[in-house]
Amino acid sequence: MDIFSRCRKSHDQHQETERRVCTNSSDYNQASNYANNYIKTSKYTLWNFLFLNLFEQFQRIANFYFLVLLILQVIPWISSLTWITTVVPLVLVLLVTAAKDAYDDIQRHKSDNEVNNKKSQVLREGKLTEQIWQNVVVGDIIKMSSNEFVAADLLLLASSEPNSLAYIETAELDGETNLKVRQALPETAVIEQYTEEQLSNIQFKLVCEPPNNVLSKFEGTLEIDDQTLALNNDQVLLRGCVLRNTTWCYGMVIFAGKDTKLMKNSGKSVFKRTHTDRLLNVLIIGIVVFLLLMSLVCVIACGVWETTIGYHFQDYLPWETFVPGTSTGQKDGTVAAGATVISILVFFSYLILLNTVVPISLYVSVEFLRLVQSLWINWDVKMYYEPKNTPAKARTTALNEELGQIEYIFSDKTGTLTQNIMTFNKCSIRGHSYGDPTDADGNVIDVNTATPTLCDFSANPWYDKLAWYDRRLLKDIKSRDDGCAEFFRLLALCHTVMPEMKNDKLIYQAQSPDEEALVGGARDFGFVFLNRSPTTVTIEVHGEKEVYDLLCILDFNNVRKRMSVIVKKEDKIKLLCKGADTMVNARLSEDSRSLLDATNAHLNSYANIGLRTLTLAYKDLKHEEYDTWKEIHYKASIALSDRDDKLHDAYELIETNMTLIGATAIEDKLQDGVPDTIANLAMAGIKIWVLTGDKQETAINIGYSCKLLTDQMEDVFVVDGETSADVEEQLTNAKSRMQEVLKQSSPAVEQNGDVVEMQRVVHCTYTGHSSDDAGDIALVSFQDHAESGHSHTEEEEFGGFGIVINGHSLVHGLTQDMEALLLEVGCMCKAVICCRVTPLQKAQVVELVKNNKQSVTLAIGDGANDVSMIKTAHIGVGISGQEGMQAVLSSDFSFAQFRFLERLLLVHGRWSYLRMCKFLAYFFYKNFGFTLIHFWYAWFIGASAQTIYSETFIALYNVVYTSAPVVMMGVFDQDVDENLSVQYPKLYTPGLTDMWFNKKRFALSLLEGLMTSCVVFFFTYGSLNNGINHAGHDLSGRDAFTFMTSSMLIIAVTLRISIETYYWTPLNQFFVWGSLAVFYMVHAVLYSDLLTSNFVGTMRFLCSTPAYWFGVLIGVIFLMVIVLAVQTWRLLFNSTLTERLRIKAKQKSNGKHKRHRSGTSIKREARTQSIRSSYAFAHEEGFGELITSGRYVRKTSLLPEQAKSSSANVTT
């Protein structure tokens, strides 16, 4: 079977309502014709590439337009130009584009083949054989090993771990790197003892839900020996997950290939076209209408001339023999009938003659420019990430100028904004804050004036990697300070972490990276969590082991936002608690109130720098108190109804009157440069929405860390309603609140009072560092009014709004009835964070903005869970991070760090957009000037559709004489350098409003081309009409007229591009002035005596006459004076920020002024309310129930020393 037949579509004509699968019964499974495991992300095959690619290319109106012209040109009666002039460039354009599309798709095929040819152990014919993934089918039994990717959606049957547990990492699905646990049913776990032959005889019948995209839910039943067992998500391993810390496991394939939940969330590959392409399609339609009107005018003129003059001049200009009324052929017929036939033919002739207003070379040049702009991105060393040897890569060459028009960015969080690395950063212990860099004497130092040195942890054999600069904490720990010991003992005991020895190194597996960082921090300070059993926890403190009885775990959930453990040692019972400060502070004893103020001050200082905070407390329990509570807890744990609520009430009873110890501060490390990048992009007028699978508190914390959310904001709304009515009410209240504040704060509200573009409210002022800059402030100050010349020096007083939307609320918000309200509220905010969202919801949010806002969208992510939104957005960017390459393979552009997005948009995107706009405006100008001369010429030749130019000039005008200069401008031109592009992000705003190329700019190009054609034609006519040279020879011949018109046009458009070029390189100089020289050299040869031409001697004759040079000089000067006058007026009275910065850059070119990074002047007291992380642990309940149930028991000891249970160092 060949590779292409594997991606066949299902033959089922009805929608699948349920799935039935049986193990070891291929006939039964194949009867349902389920999808196999072949994955296809490519668009083409060998068989459909030609037809599908041509179909896509002819969706471009220009390509279709040239195809119609080609058909007309093969008709000899109406064409004055050979059909070769159209077919060659058209075929060339189609071939170049097809080659580019083929290359892109071949890369996708390679990626597909790489995935499809991975190998797994599959049970076939009584033996486990190695099979490639694409051969896996529904019903197969697969054996997986640790660190292997899951090949398909599997039902977990058995594993090597106790109680058939399996640990998986789901980063490819939801971006979370913390491990999750799955457990097989006891009834299927028995197969772990089976031989391969016995495995091939088992008969498990599965009935479950049909393929869908819901990652967190699975419903089904499993029939074993007439016993029906319920299945849920705890028994399912999804494709894209990685098996961790599990030696092996068996799984039964439920969904394969395109039916897997990963692929259901991946979205479809779409044919992306830029805003410029879509605009060009509209302009082409306009040009065709304009062409038809000109041809119609010429037809009318032709009919009048043929009727009144042409009919009587047939002895000199005979009509065709088939024309009615001709003197040589069909003499029957009236003059009107003959003139009508000729006029109809002339109509098509003018369509062909004037078609050069849109030459096919335009699209060849556009594709070439896009290719070069892609290479600039690939070759940019400032976007190269040396630690991973990862350069930036433009994976498509069709979207570069779109990078200069991005208005909405949709970003993943984990691995995109953050490194997904948590570190223990600061702590507060009994009112003392630790974590600031200190000198050798323990004095806090200023990192701006002194370089801190790392503390020495060499005395701790368990030390891993903590970077700590505060020597005071180490000193207090070594002096056996009771507060520090209590603090770190709590961190070592109060958790649900599971330890593992790997390569003689202690590894912690936690439900969240936060919890791993806390336990790891305690280990690095000498309080080492070693092992646990269902009833005990073993730690090591200063080299001595301590064993605690684990009496109970009060596990975390999103309502409690805290967790506690109850432990016993030496007959003393303690409750240890850590959680959100709002939850823990309300449960403290009166004795802790004096310490609470100092701790809260530390918490606020930690939160202000974006750290994730938790509060720690403990409580000494009396035996009688614990025994009474244990009875209440036991009854709640076995309740058949409302068990969760009763357990919650039981926890509330014991977690009271606690004693405060202190607080922790964890840093979820942002990638380098993320806050500055987001701030600069926001100043450029770009709105950033964060779409993440993380929990609300985590997302909010990162929002503050990366400056997406700020304390200067008027309000941050949280939408977390469970029902549609709740969500609608919250959105409506948020909208009303924002409208009320906006009416009081700014007049920038739009007339309808609804949608308010917050970015239009911000006023920014860039100022210099030296007094010399005082006079330049007006040159760089700006308001957000496109690029007006007005300045504004007020400080920013309005902070805007932020909104945080939960995934379960987003389900209701994205319904048809509410999506308009959701979009309106979101667009009123400066920052939008959607948390706990599924991959499909990410794509739906992107699609909502994409379809309802006239804006260009960009989605950026690093995992497979981001693929769907990357494909949905106008532009998809993949980050090659920790979560595989799925995002990169589906993206249009890729690099290694989020901070490179700033350079991609503000430098490459802006330059690409600028170059493409200037290229198009100039290209249309020069071709209108070239073509419309025929229109003026028509009035002197009876509108007979004859060309004014020589065939050589027509062939070379767009290919040789004028193509290279404009292409060089499109490749190298830049209005300001890269430093200013980043330093002044407001330079990006013209792309948001289509300022540099739009219908108005196109109309101006048309008018300028019309003016140029008029001046060139009539100045030539005036110079040569009735003119003679010094020898008395007539100058008014057609040959002389042709050459003078051509040369004046070439000189005019060449000088025009020299004015338009901002940035001159040697190549620009060579091609601009070289093209002018080539024109005269080519004509010197063509018009010489060496060749037999109708124009022999014309150039030599005409260049010897003053009338030629004087006419050309006056005509060109006239045109350039008009252009320079318009530009001077604009600079003086309506200059843009770009032009003002260019002036300032020239003034600073002497080096007296240093360039500096821009910033906004914000003088406003921080709001007293600060949103801190309430609890940034697991997204679901932790391992608490698993630990206390006794199901987690390692088959082998964790540490060799554990065998020595009688060690003298152990205290119990």
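In this report, we go over the structure that sits alongside the text. (Residues numbered from 1 in each chain as written. Predicted model: local features only at pLDDT ≥ 70, side-chain atom pairs only at ≥ 80, totals over all residues. Heavy atoms only, no water.)

### Looking at the sheet that holds strand β6 (residues 165–169)
The condition is simple: When DSSP finds at least two bridges between two strands, those strands are taken to pair. Strands here mean DSSP runs of E at least two residues long; helices mean DSSP runs of H or I at least four residues long; both are numbered from the N terminus. Angular values range over 0 to 180 degrees, each being the angle between N-to-C directions of two axes fitted as lines to C-alpha atoms, with helices fitted over their stretch in contact.
The strand order across the open sheet built from three strands is β7-β6-β12, with neighbouring strands paired in antiparallel fashion. Edge positions in the sheet fall to β7 (179–183) and β12 (242–244), since each has one partner strand and no second. Ignoring which end each strand starts from, the neighbouring axes of this sheet average 45° apart.

### Let's talk about the pattern of salt bridges
Two side chains of opposite charge can pair, provided their charged atoms sit close to one another. Let me state the cut-off plainly: The salt bridge criterion pairs a side-chain nitrogen of Lys or Arg with a carboxyl oxygen of Asp or Glu, the two atoms within 4 Å. Buried residues are those whose accessible area, probed at 1.4 Å on protein chains only, stays under 20% of the maximum for their type, while exposed residues exceed 50% and partly exposed ones sit between those limits.
Applying the stated criterion across every chain yields a total of 43 salt bridges. Measuring nitrogen to oxygen at the nearest pair gives 4.0 Å for the salt bridge that ties R278 to E402. Remark: E402 occurs in the loop between β14 (393–394) and β15 (406–411) and R278 occurs in helix α9 (residues 275–308); sequence separation between them is 124 residues. We classify R278 as partly exposed; its relative accessible area is 31%. R903 is paired through a salt bridge with E978; the nearest N and O atoms lie 2.4 Å apart. Of this pair, R903 sits in helix α28 (residues 900–938) while E978 is found in helix α31 (residues 978–983), placing the two residues 75 residues apart along the sequence. The class of E978 is partly exposed, set by a relative accessible area of 22%. A single salt-bridge network, built from bridges that share partners, covers R560, R562, R587, E652 and E655.

### A short note on the nonpolar core
Put simply, the rule reads: To define a nonpolar core, start from buried Ala, Val, Leu, Ile, Met, Phe, Trp, Tyr and Cys residues and group those joined through side-chain atoms within 4.5 Å. Only heavy atoms enter the contact rule, under which two residues are in contact if any of them lie within 4.5 Å.
Grouped together as the largest cluster of nonpolar side chains are 102 residues, with contacts concentrated most on Y350 and F919. In terms of residue count, the dominant contributor to this core is α28 (19 residues). Look past the residues within four positions of F919 in its chain and what remains in contact with it is L362, S365, V366, L369, V966, V967 and M969.

### Section: the pairing of strand β2 (residues 119–124)
Two elements, β2 and strand β3 (residues 127–132), share six bridges in a ladder whose sense is antiparallel. By the bridge assignment for β3, L123 is matched with L128. Counting the residues between successive antiparallel strands, the hairpin from β2 to β3 contains two residues, one of them, E125, with a positive phi of roughly 55°. By the bridge criterion, two bridges tie β2 to strand β4 (residues 141–145) in an arrangement that is antiparallel. Looking at β4, one finds that V122 is bridged to I142.

### Remarks on the side chain of D101
Assignment of secondary structure puts D101 in helix α4 (residues 84–116). The class for D101 is buried, based on a relative accessible area of 12%. With residues up to four places along the chain from it excluded, the contact list for D101 reads Y44 and N53.

### What about the sheet that holds strand β11 (residues 236–237)?
Across the sheet, six strands lie side by side as β3-β2-β4-β13-β5-β11; this open sheet has antiparallel pairing. Single-partner strands in this sheet number two, and they are β3 and β11. Bridging between strand β5 (residues 153–159) and strand β13 (residues 248–255) involves six bridges; their strand directions are antiparallel. Within the sheet, the bridge partner assigned to A158 lies in β13 and is Y250.

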